[in-house]
Amino acid sequence: MAKGRLPDVQIPKDIRLRYDRFLSHFKGFEDLPAVRAIFGSKTKTALRRLRVEFFSSKWGYMGVSDEDGHLVVSTHYLRTGKRRDIYLDVIHELVHVRQFREGKELFPEGFNYPDAPTEIEAYKVCIAEGRRLGMTDRELFKYLKVEWMDEGELRRLARNVGVKAPPKPRGRRKR
């Protein structure tokens, strides 16, 4: 084989992904008042049409594809995450599914994560559901915390979605 030349192999460029039906794995969501508030009278149809793609990684949680609006879910997160957090994340992502279907830009340019209108709307819905479940502001603030936001961004998101942040920890004074 000549130096610098690749062997004669085939590498696919376009792979057809296989999705499962959302309702085959996430049962009962079509009957939840929070989900019915997201999709209205089209709830059952919207969830019947929704597909989910599972991936295996220790990093990541769940999200919505900006290509076709399907749900993308980490199997590791499903195994290791807190049940209440996963539940609220599904509610959050279903708002993004509706936003996508309405033609909204899921990742609008010019906005940082805590200020993006699509994120604020989705978090407000899951925060309302968290409050219905009896979560305190402290618990909701902890739920909002993700590794891609620093403390200032976390506090800004909390303010944007109506969650009272706990007092800032006092630092030690240097003498």
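Because the structure is a prediction, the values reported are computed rather than measured. Per chain, the residues get numbers from 1 upward, laid out in the order the sequence is written. In keeping with the predicted nature of the model, local features appear solely for residues at pLDDT of at least 70, side-chain atom pairs appear and are counted solely at 80 or more, and the whole-chain, interface and lining totals rest on all residues. Side-chain calculation: all heavy atoms of the structure are included, whereas hydrogens and water are not.

(A) Main features of the layout of surface pockets. Each cavity reported here is a set of points on a 1 Å grid over the protein atoms alone in which a 1.4 Å probe fits but cannot get out, each pocket an open set with protein on both sides within 12 Å along at least five of seven lines, and each lining residue one with an atom within 4 Å of a point. Grid points are joined across faces, edges and corners, and a volume is the space filled by probe spheres set on the points. Space inside the largest pocket adds up to approximately 650 Å³. Looking at the largest pocket, it is lined by 25 residues, and the ones nearest its centre are Tyr61, Asp89, Tyr123, Val146 and Trp148. Mapped by element, the contributors of at least two residues to the lining of the largest pocket are strand E3 (62-64), helix H5 (83-101), helix H6 (117-132) and helix H7 (137-144). Only Asp, Glu, Lys and Arg are considered charged in this grouping, and only Ala, Val, Leu, Ile, Met, Phe, Trp, Tyr, Cys and Pro are considered nonpolar; every other residue, Gly among them, is considered polar. Residue composition of the lining of the largest pocket, by class: 12 nonpolar, 3 polar and 10 charged. In this structure, the second largest pocket spans a volume of roughly 180 Å³. Only runs of H or I of at least four residues qualify as helices and only runs of E of at least two qualify as strands under DSSP, and these elements are numbered from the N terminus.

(B) Molecular detail of the pairing of strand E4 (residues 71-74). On E4, burial covers both faces: Leu71 and Val73 on one face and Val72 and Ser74 on the other are all buried. As paired elements, strand E2 (residues 51-55) and E4 share 4 bridges and run parallel to each other. From the neighbouring strand, Phe54 faces E4, where its bridge partner is Val73. Where E3 and E4 come together, 3 bridges link them in antiparallel fashion. Note that in E4 the partner of Gly63 across the bridge is Val72. We call a residue buried when its accessible area falls under 20% of the maximum for its residue type, exposed when it is over 50%, and partly exposed in between, using a 1.4 Å probe and counting protein chains only. A pair of strands is considered paired only if DSSP assigns at least 2 bridges between the two.

(C) Structural detail: H7. Turning to H7, its buried residues are Leu140, Phe141, Tyr143 and Leu144. The arc that holds the buried residues of H7, viewed along the axis, is 160°, so those residues lie on one side. Away from its buried face by more than 90 degrees, H7 exposes Arg138 and Lys142. For H7, the secondary structure elements touched by its buried residues are H5, H6 and helix H8 (151-161). Here the arc refers to the set of directions running from the helix axis out to each C-beta atom. Residue contacts follow a heavy-atom distance rule, with two residues in contact if any of their heavy atoms lie within 4.5 Å.

(D) Up close: the packing of aromatic side chains. Here a pair means two rings of Phe, Tyr or Trp (six-membered ring of Trp) with centres within 6.5 Å. Their orientation is stacked below 30 degrees between planes, edge-to-face above 60, and tilted elsewhere. Counted under the stated rule, the structure contains 9 aromatic pairs. Plain terms: the ring middles of Phe22 and Phe29 are 6.0 Å apart, the flat faces sit at 65° to each other, and that makes the pair edge-to-face. Grouping residues by exposure puts Phe22 and Phe29 together as buried. Taken together, a centroid distance of 6.5 Å and an interplanar angle of 15° make the contact between Phe26 and Phe54 stacked. With Phe26 in the loop between helix H1 (22-25) and helix H2 (33-39) and Phe54 in strand E2, this residue pair connects regions lying 28 residues apart in the sequence. Overall, the relative accessible area of 8% leaves Phe26 in the buried class.

(E) Structural context of the pairing of E2. Pairing analysis gives 2 bridges linking strand E1 (residues 20-21) to E2, with the strands arranged antiparallel. Within the sheet, the bridge partner assigned to Asp20 lies in E2 and is Val52.

(F) Representation of the pattern of salt bridges. Salt bridge, as used here, is a side-chain nitrogen of Lys or Arg placed within 4 Å of a carboxyl oxygen of Asp or Glu. Tallied over the entire structure, the rule returns 10 salt bridges. Linking Glu121 and Arg98 is a salt bridge whose minimum nitrogen-to-oxygen distance equals 2.3 Å. Remark: Arg98 occurs in helix H5 and Glu121 occurs in helix H6; sequence separation between them is 23 residues. Residue Glu121 is classed as partly exposed on the basis of its relative accessible area, which comes to 25%. Where Glu121 meets Lys104, a salt bridge forms, and the shortest distance between an N and an O atom there is 3.6 Å. Of this pair, Glu121 sits in helix H6 while Lys104 sits in the loop between H5 and H6; the two residues are 17 residues apart in sequence, bridging distant segments of the chain. Salt bridges sharing partners connect three or more residues here, namely Arg98, Glu102, Lys104 and Glu121.

(G) Just the nonpolar core, in detail. Among the nonpolar cores identified, the biggest contains 42 residues, and Phe22, Phe29, Leu94 and Leu144 are the most heavily contacted of them. When contributions to this core are tallied by element, the ones reaching two or more residues are H2, helix H3 (43-49), E3, E4, H5, H6, H7 and H8. In terms of residue count, H5 provides more of this core than any other element does, 8 residues in total. Residues within four places of Leu144 in sequence aside, it is in contact with Tyr123, Ile127, Met149, Leu154, Leu157, Ala158, Val161 and Val163. For this analysis, a nonpolar core means a set of buried residues of the types Ala, Val, Leu, Ile, Met, Phe, Trp, Tyr and Cys, connected via side-chain atoms within 4.5 Å.

By themselves, these observations are geometric and do not establish any function.
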